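Coordinate inspection notes
Residues per chain, in single letters:
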Amino acid sequence: MADALPAAPVTLFRTPKSGHCHRVELMLALLGLPYETVDLDMTQGAHKAPGFLMISPLGQVPAIDDNGTRLSDSNAILVYLAARYGKEPLWTGISPAEKAEVQRWLSIATGEIAAGPCAARLVTLFGAPLDHEAAKAKAHDLFRVMETHLQGRDWLATDRPTLADIAGYSYIAHAPEGDVSLAPYPTLRAWLARIEALPEFVGMARSPQLA
């Protein structure tokens, strides 16, 4: 739950099947914050409209308007929400080592996760002109590392859920939509289940699974 509540609901600009957008919505929900969603029709260029570019200069979702504080970039928004409304060290790390470990997984979210399960899903769901086989291979390479990393531990970075877990969840949970099976990774699937069991968890809209 949140330490404080915003004066009015946070506005989340999103597309419903974007994992980047979902990680922000998941954080809003876990913090118990009131929020409203505005779904942008990217195919019609809504993300390039002048009004939206004032909120997200690169024309990217997600973006938020928190009572006049406007931010884009999913991981930056996670950090903001933790600092503004949560017990920040619990989410971002208490010790220097914890902070570094959380940051490492945030970097993986923008690197290996984006290039692997995220990219594979972009191909199957949205017809993105990417190398699907390469993306699937990168996803499995990452999942094998995570399967080993999670042996004997519940969470990615510390002994509690942190931004590392929130940033990692969405595209990994939906990897089968990109034809990347989670069946070989029981420890990884158990980690996903722990996130889904958190109070106030909210899921992302699912598409037909291919694996």
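Residues numbered from 1 in each chain as written. Predicted model: local features only at pLDDT ≥ 70, side-chain atom pairs only at ≥ 80, totals over all residues. Heavy atoms only, no water.

Every regular strand shows the same layout, with side chains that alternate between the two sheet faces. For strand β1 (residues 10-14), the tally of buried residues reaches 5 of 5 residues, placing the bulk of the element in the interior. Going residue by residue along β1, you find V10, L12 and R14 tucked away on one face and T11 and F13 tucked away on the opposite face as well. As a crossover connection, the stretch from β1 through helix α1 (residues 19-30) into strand β2 (residues 35-39) is right-handed. Inspection of the sheet shows β1 paired to strand β3 (residues 63-66) by 3 bridges, in the antiparallel sense. Bridging across to β3, F13 finds its partner in A63. (Buried < 20%, exposed > 50% of the residue type's maximum accessible area, 1.4 Å probe, protein only. Helix = DSSP H or I, 4+ residues; strand = E, 2+ residues; numbered from the N terminus. Right-handed = clockwise from strand over helix to strand, strands pointing away. Pairing = 2+ DSSP bridges.)

Another aspect to go through is the side chain of S170. Looking at where S170 falls in the secondary structure, it is placed in helix α8 (residues 163-173). Exposure remark for S170: the relative accessible area of 1% places this residue in the buried category. Engagement of the side chain of S170 in a polar contact is seen with the side chain of H22, the distance being 2.6 Å. What S170 contacts, discounting residues up to four positions off in sequence, is G19, H22, R23 and M204. (Polar contact = N/O pair within 3.5 Å; in protein donor to acceptor, adjacent residues only side chain to side chain. Contact = heavy atoms within 4.5 Å.)

Attention now moves to the packing of helix α5 (residues 96-110) against α8. Put simply, α5 and α8 touch, their axes get as near as 8 Å, and they point 15° apart. Comparing the axis directions of α5 and α8 gives the class roughly parallel. For the pair α5 and α8, the sense of crossing is left-handed. Here V102, W105, L106 and A109 of α5 lie close against α8, whose contacting residues are L163, A164 and A167. (Axes fitted to C-alpha atoms, helices over the stretch in contact; angles between N-to-C directions. Parallel < 35°, antiparallel > 145°, perpendicular 65-115°, else oblique. Left-handed = near helix turned anticlockwise from the far one by under 90°.)

Such coordinate-based values are descriptive only and should not be taken to indicate function.
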